[in-house]
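Listed below are the residues making up each chain.
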Amino acid sequence: MRKLLLTGCGLVLALYLTPAVWLYGSEPDSGQTASASAPIQSGTPLTGEYSTVTVSIDGTPTELPLETYVAGVVAAEIPNDFPLDAIRAQAVAARTYAVYKLASGRPEAHPDADVCDDYHHCAAYRDIAVATASGNDLSRVQQAVEDTEGEILTYDGAPIAAVFHCVSGPRTEAARDVWGEDVPYLQSVVSPGGTAYSGYEDAVTLSATAFREKAAQAFPSADVSGPPDDWFKSSVRSDAGGVITVQLGGVTVEGTDVREVFGLQSTNFTITTTDDSITFHTIGYGHGVGLSQYGARYLAEQGADYTEILAHYYPNTVLTDV
Ligand SMILES: [Zn+2]
């Protein structure tokens, strides 16, 4: 399964602003078995020049100044009406992730480009010139990118995998609990203010028939022939509350796979059942690792500047110039 690394709140807006094909294209793919590959590579030290980036936009490699690309990512990932320091923090995270990708080398998925505009794989991208020409106000996004020009986060001298998400529960998730790899700067930290997000709590209900169909496809060894209240047992949760693993019909499955297969907003879920249906109740939106955009918004409203927000969500890192 693809891992949803950069899933900001801006994408929530995008779901309503873009054609249905985009919406369907962005849905989690179902019915596949999980890949064990960890998405976080150890950092590659900075060498050479990072002033331009080749972006695969709708499949066409396009060379852009790094700062233009960063502005396009920020525009796609966070609302322009957030506090400036929250957007500045997002800008540094987006720039850092871009440089991390540049330093890591081009992936097999697009050998002709450093990054692509698919947020399942790299990061969403929105052409600022096109967006502003059609009446969108992106002035704060542009200012935040200019204010932080060239700034990235490093750990041990290498750009970090500055993953981010829309909103987490009371705590963010550690990378170890979501992707199975311990990353010193992606640990669980408190993240207040999430309830300001209108979709902080969500629920997904499936009929027993629909659930069994999806489960049979994704987890064929699981026995879900019994009643719904027999399906799930013995969840193992992270400190942040996310389901790491759970027993489904006698088989151990990962919380991230349950999230993707049943279209949940997060792995932080609880379950209620009736005789012929199941409901997943979730808290938060996204994988919960790294910077929480709504958490950044809250901290900025409390007076934190972007360097403090970044230090909170990416502990043990250093803010430096690329
Ligand atoms: Zn990509």
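Each remark here, short or long, concerns the structure printed above.
Residues numbered from 1 in each chain as written. Predicted model: local features only at pLDDT ≥ 70, side-chain atom pairs only at ≥ 80, totals over all residues.

A few words on the overall build of the protein. Secondary structure assignment for the protein yields 11 helices and 15 strands. Burial status across the protein gives 46% buried among its 322 residues. Long-range pairs, those at least 24 residues apart, make up 73% of the contacts in the protein between residues at least 6 apart in sequence. (Helix = DSSP H or I, 4+ residues; strand = E, 2+ residues; numbered from the N terminus. Buried ≥ 20, exposed ≤ 12 C-beta atoms within 10 Å, placed from the backbone. Contact = placed C-beta atoms within 7 Å.)

In this section: the pairing of strand 5 (residues 151–155). In this structure, strand 5 lies alongside strand 15 (residues 318–321), joined through 4 bridges in antiparallel fashion. Within strand 15, the position partnered with T154 by the bridge is V318. In terms of strand pairing, strand 5 meets strand 6 (residues 158–159) through 2 bridges, oriented antiparallel. Residue pairing in the sheet places T154 in a bridge with P159 of strand 6. Between the end of strand 5 and the start of strand 6, which pair antiparallel, lie 2 residues, with D156 showing a positive phi angle near 55°. (Pairing = 2+ DSSP bridges.)

Take unusual backbone geometry next. With a phi close to 50°, D58 is a non-glycine residue in the positive phi region. Within the secondary structure, D58 is located in the loop between strand 2 (52–57) and strand 3 (60–65). Phi is positive for N316, which is not a glycine, with a value near 70°. In this structure, N316 sits in the loop between helix 11 (306–313) and strand 15.

Structurally, the position occupied by A196 is in the loop between helix 7 (175–179) and strand 8 (201–207). By C-beta crowding, A196 is classed as partly exposed, having 13 other C-beta atoms within 10 Å.

Under the 1.5 Å per step criterion, the end-to-end length of helix 4 (residues 84–104) is 30 Å for 21 residues, consistent within 8% with the ideal 30 Å. For helix 4, a buried count of 18 out of 21 residues is recorded, marking the element as mostly surrounded by other parts of the structure. A positive backbone phi angle near 95° is found at G105, which sits one or two residues after helix 4. (Expected span 1.5 Å × (residues − 1).)

If you look at the biggest cluster of nonpolar residues, it comprises 68 residues, and the most contacted ones within it are V70, V74, A98 and A162. No other element matches helix 4, which puts 12 residues into this core. Counting residues in each nonpolar core, the second largest holds 17 residues, with F219, V224, V243 and V246 among its members. (Core = buried A, V, L, I, M, F, W, Y, C linked by C-beta atoms within 7 Å.)

On to the sheet that holds strand 11 (residues 251–254), then. Taken in spatial order, the 3 strands line up as 9-10-11 in an open sheet, and their pairing is antiparallel. Single-partner strands in this sheet number two, and they are strand 9 (232–237) and strand 11. Across the sheet, the axes of successive neighbouring strands diverge by a mean angle of 25°, strand direction being ignored. Alignment of strand 10 (residues 243–248) against strand 11, held across 4 bridges, turns out to be antiparallel. (Axes fitted to C-alpha atoms, helices over the stretch in contact; angles between N-to-C directions.)

On to the sheet that holds strand 12 (residues 269–274), then. Strand order in the open sheet formed by 3 strands is 8-13-12, and the pairing between neighbours is antiparallel. The open sheet terminates on both sides in strands that have one partner only, identified here as strand 8 and strand 12. The mean angle between the axes of side-by-side strands here comes to 20°, regardless of whether they run parallel or antiparallel. In this structure, strand 12 lies alongside strand 13 (residues 277–283), joined through 6 bridges in antiparallel fashion.

Quick look at the packing of helix 3 (residues 66–77) against helix 4 now. Running from N to C, helix 3 and helix 4 cross one another at 125°; their axes reach a closest spacing of 9 Å. Judged by the angle between their axes, helix 3 and helix 4 are oblique. Our pair here, helix 3 against helix 4, has a crossing hand that is right-handed. Residues L66, Y69, V70, V73, V74 and E77 of helix 3 pack against I87, Q90, A91, A94, R95 and A98 of helix 4. Here the contact of helix 3 with helix 4 is composed, by residue class, of 9 nonpolar, 1 polar and 2 charged. (Parallel < 35°, antiparallel > 145°, perpendicular 65-115°, else oblique. Left-handed = near helix turned anticlockwise from the far one by under 90°. Nonpolar A, V, L, I, M, F, W, Y, C, P; charged D, E, K, R; others polar.)

Once that is clear, we can look at the packing of helix 4 against helix 6 (residues 139–147). Helix 6 packs onto helix 4 with a crossing angle of 60° between their chain directions and a minimal axis gap of 8 Å. Considering the angle they form, helix 4 stands oblique to helix 6. Every pair of crossing elements has a handedness; the one defined by helix 4 and helix 6 is right-handed. Contact residues: L84, I87, R88 and A91 in helix 4; R140, V141, Q143, A144, V145 and D147 in helix 6. Residues of the contact of helix 4 with helix 6, tallied by class, amount to 6 nonpolar, 1 polar and 3 charged.

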